[in-house]
Amino acid sequence: YIAKLSKRVKAVVSLRTQCFAGVSECSYELWYIRSHLQQIGIGASVALPYSYNLLTGVTSASPPPRLTQLFILLARGENSIRIPIVVVINDHVAKLLMFGALPALGVSIGRIALRPFSNLHKAKAYQRARSLFVKEVASARRKAEIEMLALNSVVSKKRAAEEVVNGGGLVIVKAIYGVLHPSVAVLPPITSVVETLTSPLSATMPPPGTEFSQAPPISDGFALTHDVTDALQNLVHASSLVLAEGSKDSLPGFYNIDPATTEKRFISVTYLFKRKVHRVEVEATEPLTLPMEEHIDRTVA
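Residues numbered from 1 in each chain as written. Predicted model: local features only at pLDDT ≥ 70, side-chain atom pairs only at ≥ 80, totals over all residues. Heavy atoms only, no water.

Engineer: Help me out: how do you make sense of the sheet that holds strand β8 (residues 225-227) in this one?
Structural biologist: Whether parallel or antiparallel, the strands of a sheet pair through hydrogen bonds between backbone atoms. The antiparallel open sheet is built from 4 strands, whose spatial order is β8-β7-β10-β11. Either end of the sheet is taken by a strand with one partner, and the two such strands are β8 and β11 (276-283). Sheet twist, expressed as the mean angle between neighbouring strand axes with direction ignored, is 15°. (Pairing = 2+ DSSP bridges. Helix = DSSP H or I, 4+ residues; strand = E, 2+ residues; numbered from the N terminus. Axes fitted to C-alpha atoms, helices over the stretch in contact; angles between N-to-C directions.)

Right, here's the structure in full:
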């Protein structure tokens, strides 16, 4: 069970059962999110032995929780480690932690059971809301594309200037803006927004004698991401890029990509600095500064 306590703090409660080993482990973790790559935290775990042994079929007196372990948590990307700092053999502390997890476990099981129905309902509601903004979003997208066409020569010169900087300047390789991590599955549009807006009504109608199942339906969706590679390169000055905190929709090449919902938007950037590959992803309203050493992709030789 994961609870987001604030923008940078989350709590995790987990229960792991080992039936044949005759023990369950309940873990509690509190994480501080320093960046999308780095997290630190503290945690505790309790081992709870069973009174019934599945292998022997023997029932014994209910043994007390064996230990409570405290540890420091470190994570980078998808990798994490635990560093034990103390082990407390205390039945009362272990029982308190164990039974304190039961409400959270019940809520977690309920959410898992209802999630498919809730997500489908939410996806349909999002699709209906977005269908009301198709023309507005398509117009804003076209405006952003025209802005970048007008700046095409300027962007090309800036990129070329950064590439010849001694040691390698700041070159934006790929930048994507939008709803990169939808909270629910996005119901895919059937035809593109451009086709819907530019084709006459007669073009969308099936020819006489066509079965209903073969008729091309009308789209009610639109793209939730937008390539802003050139838009960010345009904002690079002297091998540096700084975006202030707040909405980025008014920047050249950006636009309000999803006015219909409250889905979080992100900016994902892959860039070169000193000819090293860097990657970063932040929420669209957060400040963004390039380059930074913590963005270096260590997996690339």
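Now, onward.
Engineer: Before we go on, may I ask you to explain a nonpolar patch on the surface in this structure?
Structural biologist: Together, Tyr32, Ile40, Leu70, Ile72, Leu74, Ile81, Ile83 and Ile85 make up a nonpolar patch on the protein surface, roughly 640 Å² of accessible area in all. For the nonpolar patch, the secondary structure elements donating two or more residues are β5 (68-76) and β6 (79-88). With respect to the helices, strands and loops of the structure, leucine 70 is situated in strand β5. Accessibility expressed as a relative area gives 32% for leucine 70, which makes it partly exposed. (Patch = residues over 30% accessible without salt bridge, like charges linked within 9 Å, V, L, I, M, F, W, Y side chains within 5 Å. Areas by Shrake-Rupley, 256 points an atom, 1.4 Å probe, with all protein chains shown as cover. Salt bridge = Lys/Arg side-chain N within 4 Å of Asp/Glu carboxyl O. Buried < 20%, exposed > 50% of the residue type's maximum accessible area, 1.4 Å probe, protein only.)

Engineer: Any chance you could explain the nonpolar core here in plain terms?
Structural biologist: Among the nonpolar cores identified, the biggest contains 22 residues, and Leu170, Ile172, Leu232, Ile267, Val269, Tyr271 and Leu290 are the most heavily contacted of them. No other element matches strand β10 (residues 266-273), which puts 4 residues into this core. In contact with isoleucine 172, not counting residues within four places along its chain, are Arg159, Thr229, Leu232, Gln233, Val236, Val269, Thr270, Tyr271 and Leu290. (Core = buried A, V, L, I, M, F, W, Y, C linked by side-chain atoms within 4.5 Å. Contact = heavy atoms within 4.5 Å.)

Engineer: What is the right way to read the confidence of the model for the protein chain from this model?
Structural biologist: Regions with low pLDDT should not have their predicted coordinates read in detail. Of the residues in the protein chain, 68% have a pLDDT of 70 or more, and the chain-wide mean is 76. By mean pLDDT, the top-scoring element of the protein chain is β10 (95), and the lowest-scoring one is helix α5 (residues 193-198) (43). Counted against residues more than four places away or in other chains, residues 190-221, with its pLDDT under 50, gives 29 contacts. (pLDDT = per-residue confidence, 0-100.)

Engineer: Explain the layout of surface pockets to me, please; I cannot follow it from the model alone.
Structural biologist: It is a probe the size of a water molecule, rolled over the atoms, that shows where empty space is left. Taken as a whole, the largest pocket spans an internal volume of roughly 1,200 Å³. Lining the largest pocket are 31 residues, with Lys4, Ile33, Lys264, Phe266 and Glu283 sitting closest to its centre. Among the elements of the structure, β1 (2-4), β4 (38-49), α2 (102-131), β11 and β12 (288-290) are those that each provide at least two residues to the lining of the largest pocket. Tallied by class, the residues present in the lining of the largest pocket amount to 9 nonpolar, 9 polar and 13 charged. (1 Å grid on protein atoms, 1.4 Å probe; cavity = no way out; pocket = protein on both sides within 12 Å on 5 of 7 lines; lining within 4 Å. Points joined across faces, edges and corners; volume = space filled by probe spheres on them. Nonpolar A, V, L, I, M, F, W, Y, C, P; charged D, E, K, R; others polar.)

Engineer: For this particular structure, what's the right way to read unusual backbone geometry?
Structural biologist: Where the residue is not glycine, phi is negative for most of them; where a peptide bond is considered, it is trans in most cases. A cis geometry characterises the amide bond from leucine 290 onward to proline 291, with omega recorded as 0°. The topology assignment puts proline 291 in the segment after β12. The phi angle at alanine 238 is positive, at roughly 50°, despite the residue not being glycine. Locating alanine 238 in the fold gives a position in the loop between α6 (229-234) and β9 (241-243).

Engineer: Where do I start with helix α4 (residues 152-163) in this structure?
Structural biologist: Helical periodicity: at 3.6 residues per turn, an α-helix aligns residues three or four positions apart in one direction. Between its terminal C-alpha atoms α4 stretches 17 Å, which fits the 16 Å expected from 12 residues at 1.5 Å a residue. Every buried residue of α4 is listed here: Val155, Arg159 and Glu162. On an axial view of α4, the arc spanned by its buried residues comes to 65°, and they lie on one face. For α4, the elements touching its buried residues are α3 (134-150), β7 (171-178) and α6. (Expected span 1.5 Å × (residues − 1). Arc of directions from axis to C-beta.)

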